[in-house]
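# Commentary on secondary and tertiary structure
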Amino acid sequence: MSAIKINNQALIDRLGQAAKAMTDTTPLTSAIASSFASVTDDNFESGGRPKWAGRKPTTIASYKRRGMRYGGVLQATGHLRSQIVTQFTRTEAAIGTNVPYAPTMHFGAKQGQFGKTRRNTPIPWGDIEPRPFLPMDENENLQPEAEREVFRDVDYYWQRIFD
């Protein structure tokens, strides 16, 4: 499990101020989790932000051999996208998936990183470029689009406190 890093001090400060002023932060963490889901869906829709590395010709050829159609990067079946879930508590907002290959797709992997097959070929057999689909980059920093959305969420509740 990874924790998303927020590098924007103004956002960190505003989150702290809003949390101190709210008696129940659950609506705020719910809104943040919802924003995480929205940004993640936008990432799939736009093919990554920044743009994901395309599929290698060998991967596309493998799909053709197996009778699969090419539906875009990370969208061959739609399974990964459909298995994104959010959770929230009074103190946390989370997004993730239990799809086994999700970390490899998000963070990437080097050839042989997961060992070898019985035939002594590396797993994976080639490098896999990171394709961050969650609202954080491969270094666990909050994606700029997600940062803007979270700031909007916090600002909305901040305004409600003082109106």
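The rules behind these values
Residues numbered from 1 in each chain as written. Predicted model: local features only at pLDDT ≥ 70, side-chain atom pairs only at ≥ 80, totals over all residues. Heavy atoms only, no water. Pairing = 2+ DSSP bridges. Helix = DSSP H or I, 4+ residues; strand = E, 2+ residues; numbered from the N terminus. Axes fitted to C-alpha atoms, helices over the stretch in contact; angles between N-to-C directions. Left-handed = near helix turned anticlockwise from the far one by under 90°. Contact = heavy atoms within 4.5 Å. Nonpolar A, V, L, I, M, F, W, Y, C, P; charged D, E, K, R; others polar. Salt bridge = Lys/Arg side-chain N within 4 Å of Asp/Glu carboxyl O. Buried < 20%, exposed > 50% of the residue type's maximum accessible area, 1.4 Å probe, protein only. Expected span 1.5 Å × (residues − 1). Core = buried A, V, L, I, M, F, W, Y, C linked by side-chain atoms within 4.5 Å.

## Some details on the pairing of strand E2 (residues 93-96)
Bridge analysis of strand E1 (residues 85-88) against E2 gives four bridges, and the strand direction is antiparallel. Among the inter-strand pairings, Phe88 is bridged to a residue of E2, identified as Ala93. Counting the residues that bridge the hairpin from E1 to E2 gives four residues.

## Concerning the packing of helix H1 (residues 9-21) against helix H6 (residues 144-162)
Packing of H1 against H6 brings their axes to within 10 Å, and their N-to-C directions diverge by 35 degrees. Read as a crossing pair, H1 and H6 show a hand that is left-handed. Contacts between H1 and H6 involve Ala10, Leu11, Arg14, Leu15, Gln17, Ala18 and Ala21 on the former and, on the latter, Glu147, Val150, Phe151, Val154, Asp155, Trp158 and Ile161. The residue inventory of the contact of H1 with H6, partitioned by class, reads ten nonpolar, one polar and three charged.

## Some words on the pattern of salt bridges
If you walk through the whole model with that rule in mind, you get five salt bridges. Two residues, Asp41 and Arg81, come together in a salt bridge whose shortest N-O distance is 2.8 Å. Here Arg81 lies in helix H4 (residues 79-82) and Asp41 lies in helix H2 (residues 26-46), a separation of 40 residues in the sequence. The class of Arg81 is partly exposed, set by a relative accessible area of 24%. Connected through salt bridges with shared partners, the residues Asp41, Glu45 and Arg81 form a single ionic network.

## Overview of H6
Counted at 1.5 Å a residue, the expected span for H6 with its 19 residues is 27 Å, and the 27 Å between its end C-alpha atoms agrees. Buried residues along H6 sit against H1 and H2.

## Re the nonpolar core
For soluble globular proteins, nonpolar side chains are generally found buried alongside one another. Of all hydrophobic cores here, the largest spans 27 residues; its most connected members are Leu28, Ile32, Phe44, Leu74, Leu80, Phe133 and Val154. Listing elements by their share of this core, those giving two or more residues are H1, H2, helix H5 (102-107) and H6. The biggest single contributor to this core is H2, with six residues. Other than its neighbours up to four places away in sequence, Phe133 contacts Thr40, Asn43, Phe44, Trp52, Leu74, Leu80, Ile84, Thr97, Ala102, Met105 and His106.

## A short note on the side chain of Arg131
With respect to the helices and strands, the residue Arg131 is situated in the loop between H5 and H6. Contact partners of Arg131, with chain neighbours within four places excluded, come to Trp52, Ala53, Gly54, Arg55, Val73, Leu74, Met105 and His106.

## Considering unusual backbone geometry
The residue after Arg49, namely Pro50, is reached through a cis peptide bond having omega 5 degrees. Residue Pro124 is bonded to the preceding Ile123 through a cis peptide linkage, with omega at -10 degrees. Within the fold, Pro124 resides in the loop between H5 and H6. Here Asn120, not a glycine, exhibits a phi torsion of approximately 70 degrees, which is positive. With respect to the helices and strands, Asn120 occurs in the loop between H5 and H6.

## A look at the side chain of Gln143
As for its position among the elements, Gln143 is in the loop between H5 and H6. Sequence-distant contacts of Gln143, that is, excluding residues within four places in its chain, are made with Val39, Asn43, Arg49, Leu134, Pro135 and Met136.

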